[in-house]
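So you can see what is in the structure, the chains are spelled out below.
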Number of protein chains: 2
Amino acid sequence: MKKISTLLVLFSFLISTPAAFADEGMWTFDNPPLKQWKERYNFEPTKEWLDNVRLASVRLNDGGSGGFVSPNGLLVTNQHVAAGQLQKLSTKENDLTKNGFYARSRGEELKAPDLEVNVLVSFENVTERVQSAAQAGGSDKAASEQRKAVIAQIEKESIEKTGLKSDVVSFYSGGEYWLYRHKKYTDIRLVFAAEEQIAFFGGDYDNFTFPRHDLDVTFLRAYENGQPAKTPNFFKWSETGATDGEFVVASGSPGSTARLLTVAQLAYQRDVGNPLQKQVWTARLNALESYSKLGAEQARQAGGAMRSFSNSLKRLTGQQDGLLMPRMFAKKEAEEKTLKDELAKKPALQKIYAPAWEQISVAYGGLPAMAKRLAFSNLAAARLGTIALQLVRYSAEIKKPNDRRYDEFRDSRLESFKFGLLSPAPIYPELEETALTAWLAEGVKTLGANDPFVKAALGDADAAEVVKRAVRETKLKDVAFRKSLLEGGADAIANSTDPMIMLARRVEPIIRELRALNEEKILNVESSAGEKIAKARFAVYGRTIAPDANFNLRISYGKVKGYEEDTTLVPYKTTFFGLYDRAESFGEKPPYDLPVRYKNGRDKLDLSTPLNFVYTADTIGGNSGSPVINRSAELVGLNFDSNIQKLSNRYWYIEENEGSRAVAVHSAGILEALRKLYDAPELVRELTGK
Amino acid sequence: MKKISTLLVLFSFLISTPAAFADEGMWTFDNPPLKQWKERYNFEPTKEWLDNVRLASVRLNDGGSGGFVSPNGLLVTNQHVAAGQLQKLSTKENDLTKNGFYARSRGEELKAPDLEVNVLVSFENVTERVQSAAQAGGSDKAASEQRKAVIAQIEKESIEKTGLKSDVVSFYSGGEYWLYRHKKYTDIRLVFAAEEQIAFFGGDYDNFTFPRHDLDVTFLRAYENGQPAKTPNFFKWSETGATDGEFVVASGSPGSTARLLTVAQLAYQRDVGNPLQKQVWTARLNALESYSKLGAEQARQAGGAMRSFSNSLKRLTGQQDGLLMPRMFAKKEAEEKTLKDELAKKPALQKIYAPAWEQISVAYGGLPAMAKRLAFSNLAAARLGTIALQLVRYSAEIKKPNDRRYDEFRDSRLESFKFGLLSPAPIYPELEETALTAWLAEGVKTLGANDPFVKAALGDADAAEVVKRAVRETKLKDVAFRKSLLEGGADAIANSTDPMIMLARRVEPIIRELRALNEEKILNVESSAGEKIAKARFAVYGRTIAPDANFNLRISYGKVKGYEEDTTLVPYKTTFFGLYDRAESFGEKPPYDLPVRYKNGRDKLDLSTPLNFVYTADTIGGNSGSPVINRSAELVGLNFDSNIQKLSNRYWYIEENEGSRAVAVHSAGILEALRKLYDAPELVRELTGK
C-alpha cells in the first residue's frame, strides 16, 4: 500500500513549481548538471572524467545500454538487453537463453548476428543552421522539408569529413538540434551470459519490483578487423561495489520520456494512445503465448519476445495508472499555465510562441480518427513482413535525392539499415505465420473488412490463407535472396513474384498515404509548434530542464538509498541470502526456481554478498545495462530495472521520498557469482586484474 | 502500492451483502462454523476435537493467547505477550527482555509476578434469564440494574457450585449472555523466552508487515500446588509445521472488534473516538520516550510499554485509515439499510426493534461533549496512581451488596483483582513520576485548568510538584502497605495521609460522577438498544454472523496462503535465509541487528527452515500467541501479528484477495532455533518426545 497521504502532499508541492527537483533529469553530455552535483554531492568532475565516461558508455541498437569494462573491448550489459542476440544464437539443441554461456577462450566467443554498438565520440550544436533553414512565413510542411534538407546536408558533410556514423538529433521537440557522431561496432561477440532463470528470477511478477534478486548480466566483446577492439576508455570494475548513501551516476541511453508534452498531447496519450498501444501489445503477446503452448521448442522461440511484451505491458499499465490520476493532470495543467503566464510577461515573445499550444491542440483533435489505422497498418508482427516492406520501401526511396528520402533511408543510416536487413539471425516460419495471422485478424477486427489496408492485404481472402502462403513460400528467409532484391533495384522488387514481397507491395501505398497524412496533419505541426514551445521554455527557465529522452546518451545521478513502503523500510540492497529465501519460500516453483548451478553451488557462496541495489537516479527503459559508477568512474553496479513506484516517470519525475528507485545488479554480486558459481577466472581477471 | 482497482471492485461487491465471507469470523465454541468447514475444507471435527482444542487453549490476562504443548503444564505464547512479565522479572543487571531466558531445569523456572492464565472449561447460555430480568417498560437504567443483579446472582451460584472463575459475558451488544467458567492458573513460571531482538526483529517498522522474520516465542509452565500442572489437553507440536495451502485453525482470545456497531457509533469512533485515542496514546508514548532517553536503564524500564504503545498507535492508524474511506462508510450504511429494510418486512418486530438505531444515535449526540473528560480523568499513566485509585474505589464498593457494585468488584472478580493489586512486580518511581506528570500536564492542556478533575488533582499547584511528592513519598510501592490498606477498609483509606492515596481520594468523586453520567447517557442506552438490534439481526439472518470479539475464546480458520502485492507475489512463508538477508541488507543497524547467538550460530542452522508464515484466518489483537493448528490439532504455528492489509479488520472483514493475512511463527522454525541456537534439548524433548 503506497502511502496515499504522502502522495497528496507531494503533488500539492509540485504544482506550479517549474524548477528541477533533487536528482531529476537525464542530462545530455553538453549540459551535465554540474551545479546540482556540486551543491548536493560536492562533486566536481573534470572534463577528462566526463569524456572518459562518455567514451566508455555504449548504446546497443537492440535497445539498451552498456559500458566497456576492459581496454580490450569487453563490455557489460544486461542479459535481457542481449536476449535477442542470445535467442538468435540459440538452437533447439543449445538454448543459450536457458543455459547461459561462457567462452573460456577468445576463440569460443560467439559472433552476435546483428548487434550494432555505438559510442558517442563527438557532438556539435547545429540548432542555428537547422532552424534558420526553415524560412519564416512558410507552411509547416515547407519548414519540415527545409529542415530535412539541411539535416541531410549536415550529416553528409560529417560522414565525408569523419567517416563516423553521423546523425542530426532533435531535442526539446525541435528546440535544439545536435550533430551526434558515433563510432560504430558491428562485430560484437558473446563472452558470457547468465541463465535466464537467474537473470530474470521471479519473472514478470518480480519485474519492476524491489527487493529483487536477479543476475541480469551479459558480457560482450567488440571486435575490429577480427581483433578485440582497443578501448582505452573503460570503467574499472569495483570489487566492493555500491555502498549505502554513496553518490552514483548512470550513463546510458534512455529511450523515451514525455515530460515536456503539452496537456493536449498528454490527454491524447491517456485517452487514445495508451489504450491503443495496450491493444497492440496484448494482441501480439496473445499470439506468441498461444504459439508457445505448442511445445518446448515453440516456447523457446517465442520466449524472448513474450518477455519483452510482458515487460512493456506492465510498464504501460503503470504509466497509464499515473496518467489517470486527476492530480497528475492538475500538475501538468498548472505547469503549462505557469509557463504561459510567465511568457505573457514578455509580450514580444508571447506573440510568436503562444499560439503553439493551440496549434498542437487543433492538430491532435484529428488524430483519434486515424490512430487505429496508424497502429494496425503494418506487417511488423512478422520479421519476414518487416523485411519485405523494408525492401519495397528501400527500392522506392533510394531513387530519390538524399534529402528527400524518408529519414531512415538517408545515406547516413544506410549502413546500419543493411546490417539489420541482411542479418543471418534464424527465422521461425511457424512462429511468423502464427504471429502475422493473428495480427491481421486483429486488424480486421479493429479496422473492419473495408479498411484500405485490410483490403489491400487480404482482398477477399482469409488472413490465415494469405499469411500461410506468404510465409511458407517466401524466399526472404534466405539472406542471399534478400541481398539480390536489395541490389536488384526497383525492377527486381516490381517484378518479384515472392508472395511476401507481393503482400508488401499491395499494402505499401496505403502505408505511405497514412504516413504522409500523419506528417502533414500531426508531425509537421508538432515540429514547428514544438520548437516554439521549447523556445518559450528557454526564454522563461533557461536551459535548466533536461530534454525528453530520445535513445541518445544521457547522464543521470543520485544516491544509493533504501526507502519506506507500507510503513516499513526497504533496504538499499539485497543479498544472496534473499535469493535463496525467495526461492525456498515459493518451494522453487517457477518463476522462482533456480538454475542447477545455484542450487548445487549454494555452499560455495558468501551469501551475504550484495546482489541487487536501488538508487535514486532518473532513468527509464533504454537505461537497461547502464553502468552505475561512483565518483572515481568505477562500475559499482549495472542498471537493469525500476521499481513499481517509478513506473509513471515517463510523464513526470517522481521524488525519492515516494520510493521511486532505479534497480541495479551489484558489481560485487556479479564477481561473486563469476568466481564461485561460473568458474570464470579469465573473465574475473580481465575485470579486476586479479 | 495496494491495487486500488481491486479494492474498488471488492467494495462494490461487499455492499448490501450481509452473509459471511470466506474464512470470516471469530466464532464462539458453542457455534463453530461447521457448515463452512465442511463445505470449503471438507473438515468435520468431532466433539472431542473441539473440546480438546478449547481445553488446550489459554487466555493470558496480560492480554493475549496461548496453548498447552505438553501434559505437564508447558504452554507457549508470544514473547510480546509475556513481555510485561519478562520486564517485571528483569533487573538492571539481568535484562530478560534483552537477553532472553532458558531454564535448563524446572528448578530454574522463574515465577511470573502477576500473570493469570485462564482455560474455558464450560459455558452455558443464560440469555433468557438475564434478558427477562429487565422488566418491560422500565427505564434503561432500571433495566441495566436489573440485569446486573441477576448476573451477579448467576455468577455467585456458579462459583459456589463449581469453585471456578465464573463470568456472565455479553455477546452481540447484549443479544446473548453466556456464563463462562474458567479454570484459573496464577502460578505461572518462565521456561524460555527469545531475545527481544529476534522476537521483535525489525521493530516497529516490520510490525504489521510481511514478509517477516521474528521468533516471537515464550514458553511458560502452569503450576498447581507447587507442581507442574497436569494438562492432559494439549497441542502436539508439529515438527514439519504449516504447509502451503493447508487448512488451519487459530484458537485464541481476540480482544475487540467493532463490526456490528451502528453507523452512528462508527461515525463517533471516526470523528471523535479514534482521534482522541491517538492523542492519549501519543501523549503516553512521548513521555516514555523522553524518559527512555535518559540512559540504558531507563530505556530498559520503559521499553515494554513503549513497544506496546507504538504497536497500538500503528494499529489505530491503520484502523482509522480504513474508517476514513468513504466507501467503507457506504458499505456500513448499506448494511444497516439492508437490515432495516429486511426488518420492515416483519412489522411486529420492526415496531419493537426499529427505534433502537435512533436511540443510539441520539445518545451518541451527547458523547463528544464529555469524551475528553472521560479520556483524561484518570491516573492510569502511573501504576501507583492505578493502585491508589483501585484501593480507594475498592474501599467504597466492597461495602455495597454484591449486585450493586461496579462490575470489576463483584465477588466473582475479587480474587483476580487482588492478585493484580498485590503483585510484587517492580515499580520504577522515576518512570512513574515522568509518566504521570506528563499525563496530568496533557490533561491540563486538553481540559483546561478549571476542569473538575484537573482542579481536584492539582488545585493551584503544578502537575510536576503534585506528582513529585505523591510518587516519591507514597508507600504504595510496598506490597505489604497495599495489603494493609486493602484489609483496613474504608477507614484506613479515609484516614490515610499517603500522598498518592490523597490524590486518588481527591479525584475519585469526579471520576465516579463521570462514570455515572456515561452509564446513564450512553452505556445503559447501548445495552438496551444493542439488545434490540441484535434481536433484529437474529430475526433476519439467524445466528450466521459471529459476535464481536470480547477477549473470550474464539476459533478462527483459514488456509496457509501467500498473496499478491504491488503486482508481485508474496510467498506464504519466510525462511532463516530471509532473516539473514534482511539483517545484512540493513548492515545490521537496529532494529535489524541480530542477537549474538544468531550471528555466531548461522552456520549451525539449516537456513531453508521456515521461520514465519501467513494464513487467511480472521484474527485481531488478543489473538497474539494463539496456537495455529492443523486438522489433527497439531500446533503448526504460533500467531503473532497481522499484515498491514488487515489493519482495518476491526470494522469489517477483509477478503483474502485483498492480501489480508494473519502472521505466525512457524513451528519448525521454533524447533530449529531451540535445537541449533539455544541448545535446549530438554525443551525440545518435552515438545516432540525426541
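See the structure above.
If you're wondering where the values come from, they're calculated on a predicted model, not measured in any experiment.

K.L.:
Sorry if this is basic, but what is going on with the packing of helix H10 (residues 263-292) of chain B against helix H15 (residues 367-376) of chain B here?
P.N.:
Describing two packed helices takes the angle between their axes plus the distance from one axis to the other. Residues and elements named next belong to chain B. For the pair H10 and H15, interaxial distance at closest approach is 11 Å and the crossing angle is 20°. Relative to H15, H10 is oriented roughly parallel. H10 and H15 meet at a crossing whose hand is right-handed. Here H10 contributes Tyr 268, Val 272, Leu 276, Gln 279 and Val 280 to the contact with H15, which in turn contributes Leu 367, Pro 368, Ala 371, Lys 372, Ala 375 and Phe 376. Taken together, the residues of the contact of H10 with H15 sort by class into nine nonpolar, one polar and one charged.

K.L.:
Would you take a moment to explain the relation of the copies chain B and chain A for this structure?
P.N.:
Laying chain B over chain A is done by rotating through 180° and shifting 0.0 Å along the axis; what remains is an RMSD of 0.0 Å. Classification of the inter-copy transformation places it as that of a two-fold axis. A symmetric contact is evident, with 100% of the interface residues of chain B recurring at the interface of chain A.

K.L.:
Before we go on, may I ask you to explain the interface of chain B and chain A in this structure?
P.N.:
Many structure descriptions define interface size as the accessible area lost when the parts assemble. Chain B puts 32 residues into the contact, and the matching count from chain A is 32 residues. Summed over both sides, the interface between chain B and chain A buries roughly 2,900 Å², with carbon and sulfur atoms accounting for 59% of that surface. Where chain B touches chain A, the interface holds two salt bridges. B:Asp244 serves as the salt-bridge partner of A:Lys589, at 3.5 Å between the closest nitrogen and oxygen. Linking chain B with chain A are 17 residue pairs in polar contact (both at pLDDT 80 or more), by the criterion used here. Those elements that place two or more of their residues in the side of chain B that touches chain A are helix H9 (203-206), strand S16 (568-570), strand S17 (573-575) and helix H23 (576-585) of chain B. Element by element, the count of residues in the side of chain B that touches chain A is highest for H23(B), at seven residues. When its residues are assigned to classes, the side of chain B that touches chain A shows twelve nonpolar, eight polar and twelve charged.

K.L.:
So what exactly am I meant to see when it comes to the packing of aromatic side chains here?
P.N.:
How two aromatic rings sit relative to each other is set out by the distance from centre to centre and by the angle between their planes. Overall, the coordinates contain 54 aromatic pairs over all chains when judged by the stated rule. For the ring pair B:Phe586 and B:Tyr592, a centre distance of 3.9 Å and an interplane angle of 10° mean the geometry is stacked. For B:Tyr592, a relative accessible area of 1% translates into the label buried. Through successive ring pairs, a cluster of aromatic residues spans A:Trp37, A:Tyr41, A:Phe43, A:Trp49, A:Phe247 and A:Tyr557. The ring of A:Tyr580 has A:Arg602 sitting right over it, with the charged end atom 5.7 Å from the ring centre. For B:Arg59, the ring lying beneath its charged end belongs to B:Phe551, and the centroid distance is 5.3 Å.

K.L.:
Before we go on, may I ask you to explain the nonpolar core in this structure?
P.N.:
The tendency in soluble globular proteins is for nonpolar side chains to be buried side by side. Membership of the largest hydrophobic core comes to 276 residues, with the highest contact counts inside it found for A:Leu215, A:Phe219, A:Tyr598, A:Tyr678, B:Leu215, B:Phe219 and B:Tyr598. The greatest single-element share of this core, amounting to 15 residues, is contributed by helix H22 (residues 499-541) of chain B.

K.L.:
Looking at this model, I keep getting lost on the packing of helix H16 (residues 383-397) of chain A against helix H17 (residues 411-421) of chain A. Mind explaining?
P.N.:
Residues and elements named next belong to chain A. For the pair H16 and H17, the least separation of the axes is 11 Å and the interaxial angle reads 140°. Handedness of the crossing formed by H16 with H17: left-handed. Between H16, through Arg 383, Ile 387, Gln 390, Leu 391 and Tyr 394, and H17, the contact on the second element is made entirely by Leu 414, Phe 417, Lys 418, Gly 420 and Leu 421. Here the residues of the contact of H16 with H17 sort into six nonpolar, two polar and two charged.

K.L.:
Even after reading the chapter, I still don't get the pattern of salt bridges, so can you show me in this structure?
P.N.:
Side chains bearing opposite charge may pair, as long as their charged atoms lie close to each other. Residues and elements named next belong to chain A. Tallied over the entire structure, the rule returns 119 salt bridges over all chains. Linking Lys 559 and Asp 23 is a salt bridge whose minimum nitrogen-to-oxygen distance equals 3.3 Å. Of this pair, Lys 559 sits in strand S14 (residues 554-559) while Asp 23 sits in the loop between helix H1 (4-14) and helix H2 (34-41), and the two are 536 residues apart along the sequence. Under the relative-accessibility criterion, Lys 559 is labelled buried at 18%. Using a relative accessible area of 0% as the deciding quantity, one classes Asp 23 as buried.

K.L.:
Can you walk me through helix H16 (residues 383-397) of chain B in this structure?
P.N.:
Note: α-helices contain 3.6 residues per turn, so residues at a spacing of three or four share the same orientation. Residues and elements named next belong to chain B. For H16, spanning 15 residues, the distance from its first C-alpha to its last is 21 Å, which sits close to the expected 21 Å at 1.5 Å a residue. Most of H16 is tucked away, with eleven of its 15 residues classed as buried. Contacts from the buried residues of H16 go to helix H17 (411-421), helix H18 (429-447), helix H20 (463-473), helix H21 (479-495) and H22.

K.L.:
Whenever I open this one, empty space enclosed by the protein confuses me. Can you help?
P.N.:
To locate leftover empty space, one rolls a probe as large as a water molecule over the atoms. The tally for this structure, following the rule as stated, stands at seven cavities of 30 Å³ or more. The space that makes up the largest cavity amounts to roughly 660 Å³. In this structure, the largest cavity is lined by 39 residues; those nearest its centre are A:Phe210, A:Pro211, B:Phe210, B:Pro211 and B:Arg582. For the lining of the largest cavity, the secondary structure elements donating two or more residues are strand S15 (563-565), strand S16 (568-570), strand S17 (573-575) and helix H23 (576-585) of chain A together with S16 and H23 of chain B. The class makeup of the residues in the lining of the largest cavity is 15 nonpolar, 15 polar and nine charged.

K.L.:
Where do I start with the pairing of strand S3 (residues 74-77) of chain A in this structure?
P.N.:
It is a general feature of regular strands that their side chains alternate between the two faces of the sheet. Residue and element names in this part refer to chain A. Of the two faces of S3, the one lined by Leu 74 and Val 76 and the one lined by Leu 75 and Thr 77 are each fully buried. Across two bridges, strand S2 (residues 64-68) lies against S3 in antiparallel orientation. Within the sheet, the bridge partner assigned to Phe 68 lies in S3 and is Leu 75. Where S2 folds back onto S3 in an antiparallel hairpin, the turn is made up of five residues, including Gly 73, whose phi is positive at roughly 80°. As paired elements, S3 and strand S10 (residues 218-224) share four bridges and run antiparallel to each other. Note that in S10 the partner of Leu 75 across the bridge is Leu 220.

K.L.:
Would you explain unusual backbone geometry in this entry?
P.N.:
For residues besides glycine, phi is generally negative; the peptide bonds are generally trans as well. In this model, A:Phe210 is joined to A:Pro211 through a cis peptide bond whose omega is 0°. Following the sequence through the fold, A:Pro211 ends up in the loop between helix H9 (203-206) and S10. Across the junction of A:Pro590 and A:Pro591, the peptide omega takes the value 5°, indicating a cis bond. Secondary-structure assignment places A:Pro591 in the loop between H23 and helix H24 (596-600). Residues other than glycine seldom take positive phi values, yet A:Asp679 does so here, at roughly 50°. Among the secondary structure elements, A:Asp679 is positioned in the loop between helix H25 (667-676) and helix H26 (681-688). Judged by its relative accessible area of 48%, A:Asp679 is partly exposed. A positive phi angle, near 50°, is found at B:Asn42, a position not held by glycine.

Reading the values: the criteria
- Residues numbered from 1 in each chain as written.
- Chains lettered and ligands numbered in written order.
- Predicted model: local features only at pLDDT ≥ 70, side-chain atom pairs only at ≥ 80, totals over all residues.
- Heavy atoms only, no water.
- Axes fitted to C-alpha atoms, helices over the stretch in contact; angles between N-to-C directions.
- Helix = DSSP H or I, 4+ residues; strand = E, 2+ residues; numbered from the N terminus.
- Parallel < 35°, antiparallel > 145°, perpendicular 65-115°, else oblique.
- Left-handed = near helix turned anticlockwise from the far one by under 90°.
- Contact = heavy atoms within 4.5 Å.
- Nonpolar A, V, L, I, M, F, W, Y, C, P; charged D, E, K, R; others polar.
- Least-squares fit on C-alpha atoms with pLDDT ≥ 70 in both.
- Buried area = accessible area lost by both parts, 1.4 Å probe.
- Salt bridge = Lys/Arg side-chain N within 4 Å of Asp/Glu carboxyl O.
- Polar contact = N/O pair within 3.5 Å; in protein donor to acceptor, adjacent residues only side chain to side chain.
- Phe/Tyr/Trp six-rings, centres within 6.5 Å; stacked < 30°, edge-to-face > 60°.
- Buried < 20%, exposed > 50% of the residue type's maximum accessible area, 1.4 Å probe, protein only.
- Lys NZ or Arg CZ within 6 Å of the ring centre and 35° of its normal.
- Core = buried A, V, L, I, M, F, W, Y, C linked by side-chain atoms within 4.5 Å.
- Expected span 1.5 Å × (residues − 1).
- 1 Å grid on protein atoms, 1.4 Å probe; cavity = no way out; pocket = protein on both sides within 12 Å on 5 of 7 lines; lining within 4 Å.
- Points joined across faces, edges and corners; volume = space filled by probe spheres on them.
- Pairing = 2+ DSSP bridges.

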